[in-house]
Amino acid sequence: MDSTAVNKAIIALIRAAIGAEKPDALPEGVTINDICTLAFKATIIEIVKHGIIVCGLADEKMQAENASRRARLMYSEAKRHICTEKLFESFESAGVDFLPLKGYILKDLYPMPHMRPMKDVDILVSTAQFGEASRILEENGYVRGEVQGHHTEFRHPVGGMVELHNSIAGRSSASKRYFADALQKAHIADGHTHMREMTREDFLIYVVFHMFKHYAMRGAGIRPILDIYLYVKKFGGEFDNDYLSRGLSQLGLKDFTDCVIRLGRVWFDGEAHDELTLRLEKVAFISGAYGTSEAMDAIAKSGESRGDGFASARSLVFPPLAYMKRHYSVLEKAPLLLPACWVARAFRAFFRPDISIEKRIRQNKDISKADAENLIVLKRELNLPDYFEDND
């Protein structure tokens, strides 16, 4: 399977799904099964299937299966929406100021909300009201789960998962300065008393910041670029461009954002590539939704200074603290336990050959030098900061 050809077919089908031109035919050698396999991994399967249907490329069996699946997903989304709205009403009644983030806003930009699947609903509250918000979640049937950095997970049998955040600022000084008062800067949403929403500019800045965190650690694929494209297409005419430019510049992400927006227009508006959009496209095509081990290995390899493979192999055996915190929450409170967690990770890999570190190192040797060099050029040409040691 030529993954580049399949990814380009996926782009063409998404373009058709959002109402743009339809492809005349699939590229030679690319099958519907190839497309669905890759789209599933990139968590864009629903909008791609919609594109397949719109373009008349689905047989009767696929059409019937898709109609049944769409009905189930729409029903599940409706139930989760009802649970989420009930939770929001409880926050309002209790006087808890809260700010919905990311997917809760972005899903409404898609032809149908279920086409932008979410594994969770992200909500920001103040540290002072975090305990009250947690109590309200539990009263609404959500069960407290793991603490991951700045957020705590709560699960509901119908409403899915909520990630309750008390901060969206990263550990970099730039992100701390910019997002420290995100809740206070957000204004009260129309028709509400305590639900807040960001300005158009700040929401875009936050979405780009979130994408970049993934890009810098494990890569970022088609979906976040589509998110940003749809958001800019709908609200770009309302932006205060001077404010937007200042905010992105404070985070060191102005050139990165410009490139992401240009790539979205290449894919979905048919504009011409430039050198940097071609390079960013290559990263997106190996990155799944918010990162893959292949992209992570290329990123590790791009950091080598001696070119002998030592740095990237070391990063696989001894991942940095930021990466390990995503898998071992104890490190949030006790970072000195990092060596013990490395040992635990190696022990787990010993009994799970499918995630063997040795296997990853062997694969890493085969990672194209071109992929690593591509990331180096993007970092230099887009003036990218060093990756943020963050948790979502």
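Preceding this section is the structure that the text describes.
Fair warning: this is a prediction, and the values are worked out from it, not measured in the lab. Here the residue index of a chain counts from 1 through its sequence in written order. Confidence filtering applies because this is a predicted model: local features only for residues at pLDDT of at least 70, side-chain atom pairs given and counted only at 80 or more, and all residues used for totals across whole chains, interfaces and linings. In computing side-chain properties, one takes all heavy atoms of the structure into account and sets aside hydrogens as well as water.

A. Seen up close, the overall build of the protein. Scanning the protein from terminus to terminus reveals 20 helices and 7 strands. Note on classification: 1.4 Å probe, protein chains only; a residue is buried when its accessible area is under 20% of the maximum for its type, exposed when over 50%, partly exposed between these limits. Per-residue burial for the protein yields a buried fraction of 51% across its 392 residues. By the convention used here, residues are in contact when the closest approach between their heavy atoms is within 4.5 Å. Pairs at least 24 residues apart make up 68% of the contacts formed inside the protein by residues separated by at least 6 positions. Here the protein displays about 18500 Å² of accessible surface, and carbon together with sulfur accounts for 54% of that area. The helix count covers DSSP runs of H or I at least four residues long, the strand count covers runs of E at least two residues long, and both are numbered beginning at the N terminus. Note on areas: Shrake-Rupley with a 1.4 Å probe; residue coverage comes only from the protein chains shown.

B. Molecular detail of the pattern of salt bridges. When a carboxyl oxygen of Asp or Glu lies within 4 Å of a side-chain nitrogen of Lys or Arg, that pair is called a salt bridge. All told, the structure shown has 19 salt bridges when counted by the stated rule. One salt bridge in this structure joins Arg 69 and Glu 46, with 2.6 Å as the shortest N-O distance. Remark: Glu 46 occurs in helix H3 (residues 45-54) and Arg 69 occurs in helix H4 (residues 60-94); sequence separation between them is 23 residues. A relative accessible area of 27% means that Arg 69 is categorised as partly exposed. The buried category is assigned to Glu 46, whose relative accessible area is 6%. Lys 107 is paired through a salt bridge with Glu 77; the nearest N and O atoms lie 3.5 Å apart. Within this pair, whereas Lys 107 is found in the loop between helix H5 (103-106) and strand S2 (120-125), its partner Glu 77 is found in helix H4, the two being separated by 30 residues in sequence. Since its relative accessible area comes to 4%, Lys 107 is described here as buried. Of the residues examined, Glu 77 reaches a relative accessible area of 14% and is grouped as buried.

C. Summary view of the sheet that holds strand S5 (residues 160-165). The strand order S1-S2-S5-S4-S3 describes an open sheet built from 5 strands, whose pairing is mixed. Edge positions in the open sheet fall to strand S1 (98-101) and strand S3 (143-148), since each of these has one partner strand only. When the angles between neighbouring strand axes are averaged without regard to direction, this sheet yields 25 degrees. The sheet strands contacting helix H6 (residues 130-139) are S2, S3, strand S4 (151-156) and S5, and the helix crosses S5 at an angle near 170 degrees. Strands qualify as paired when DSSP identifies two bridges or more between them. Axis lines are fitted to C-alpha atoms, over the contacting stretch for helices. Their N-to-C directions set the angle, which ranges from 0 to 180 degrees.

D. Here's a closer look at the packing of aromatic side chains. Ring geometry is summarised as follows: Phe, Tyr and Trp rings, the Trp one being its six-membered ring, pair when their centres sit within 6.5 Å, and such pairs are stacked at plane angles under 30 degrees, edge-to-face over 60 and tilted between the two. Across all of its chains, the model carries 15 aromatic pairs by this definition. Between the aromatic rings of Phe 203 and Tyr 231, the centroid separation amounts to 5.0 Å while the plane-to-plane angle is 40 degrees, which identifies the pairing as tilted. Taken together, the residues span a long stretch of sequence, with Phe 203 in helix H9 (residues 200-217) and Tyr 231 in helix H10 (residues 222-235) at a distance of 28 residues. For the pair formed by Phe 203 and Tyr 231, the shared burial category is buried. Ring centres of Phe 212 and Phe 256 lie 5.3 Å apart, and the angle between their planes is 75 degrees; on these two criteria the pair is classed as edge-to-face. Of this pair, Phe 212 sits in helix H9 while Phe 256 sits in helix H12 (residues 254-269); the two residues are 44 residues apart in sequence, bridging distant segments of the chain.

E. Representation of unusual backbone geometry. A positive phi is found at Thr 43, a non-glycine position, where the angle reads about 55 degrees. Within the secondary structure, Thr 43 is located in the loop between helix H2 (32-41) and H3. Since its relative accessible area comes to 30%, Thr 43 is described here as partly exposed.

F. Structural view of the environment of Glu 201. Checked against the element boundaries, Glu 201 lands in helix H9. Between the C-alpha atom of Glu 201 and that of Tyr 243, which follows or precedes it by 42 residues, the distance is 7.4 Å. Not counting chain neighbours up to four residues away, the residues in contact with Glu 201 comprise Glu 238, Phe 239, Asp 240, Tyr 243 and Leu 244.

G. Representation of the nonpolar core within the structure. What we call a nonpolar core is a set of buried Ala, Val, Leu, Ile, Met, Phe, Trp, Tyr and Cys residues that are connected through their side-chain atoms within 4.5 Å. Ile 10, Val 48, Tyr 215, Phe 256 and Trp 267 are the most contacted members of the largest nonpolar core, which totals 82 residues. Ranked by residues supplied to this core, first place goes to H9 with 11 residues. Ranked by size, the runner-up nonpolar core spans 21 residues in total, among them Leu 87, Phe 88, Phe 91 and Phe 98.

H. Structural detail: the packing of H10 against H12. Look at H10 against H12: their axes get within 9 Å of each other, and the N-to-C directions meet at 90 degrees. Classified by the angle between their axes, H10 and H12 sit roughly perpendicular to one another. On H12, the residues touching Ile 222, Ile 225, Leu 226, Ile 228, Tyr 229 and Val 232 of H10 are Val 260, Ile 261, Leu 263, Gly 264, Arg 265, Trp 267, Phe 268 and Asp 269. Each angle receives one of four descriptions, namely roughly parallel if under 35 degrees, roughly antiparallel if over 145, roughly perpendicular if within 65 to 115, and oblique otherwise.

I. Main features of the environment of Val 377. In this structure, Val 377 sits in helix H20 (residues 369-381). For Val 377 and Leu 276, which are 101 residues apart along the polypeptide, the C-alpha to C-alpha distance reads 8.7 Å. Residues contacting Val 377, with those up to four places away along its chain left out, are Glu 275 and Arg 279.

J. Local environment of helix H1 (residues 3-17). Multiplying 1.5 Å by the helix residue count minus one yields the expected span of that helix. In a regular helix each residue adds 1.5 Å, so 15 residues correspond to 21 Å; H1 covers 21 Å between its end C-alpha atoms and thus fits that length. Looking at H1, one finds that the buried residues are Ala 5, Val 6, Asn 7, Ala 9, Ile 10, Ile 11, Ala 12, Leu 13, Ile 14, Arg 15, Ala 16 and Ala 17. Residues of H1 that are buried make contact with H2, H3, H10, H12 and helix H13 (275-285). After H1 finishes, the residue Gly 19 shows a positive phi value of roughly 95 degrees.

K. Representation of the pairing of S5. With 5 of 6 residues buried, S5 lies mostly within the body of the structure. Two strands pair when backbone bridges link them, and S2 and S5 are joined in this way by 5 bridges, in the parallel orientation. Across the sheet, Asp 122 pairs through a bridge with Glu 163, a residue of S5. Inspection of the sheet shows S4 paired to S5 by 6 bridges, in the antiparallel sense. Residue pairing across strands places Arg 155 opposite Met 161, the latter belonging to S5. In textbook terms, the turn of a hairpin is the stretch between consecutive antiparallel strands, and for S4 and S5 this stretch comprises 3 residues.

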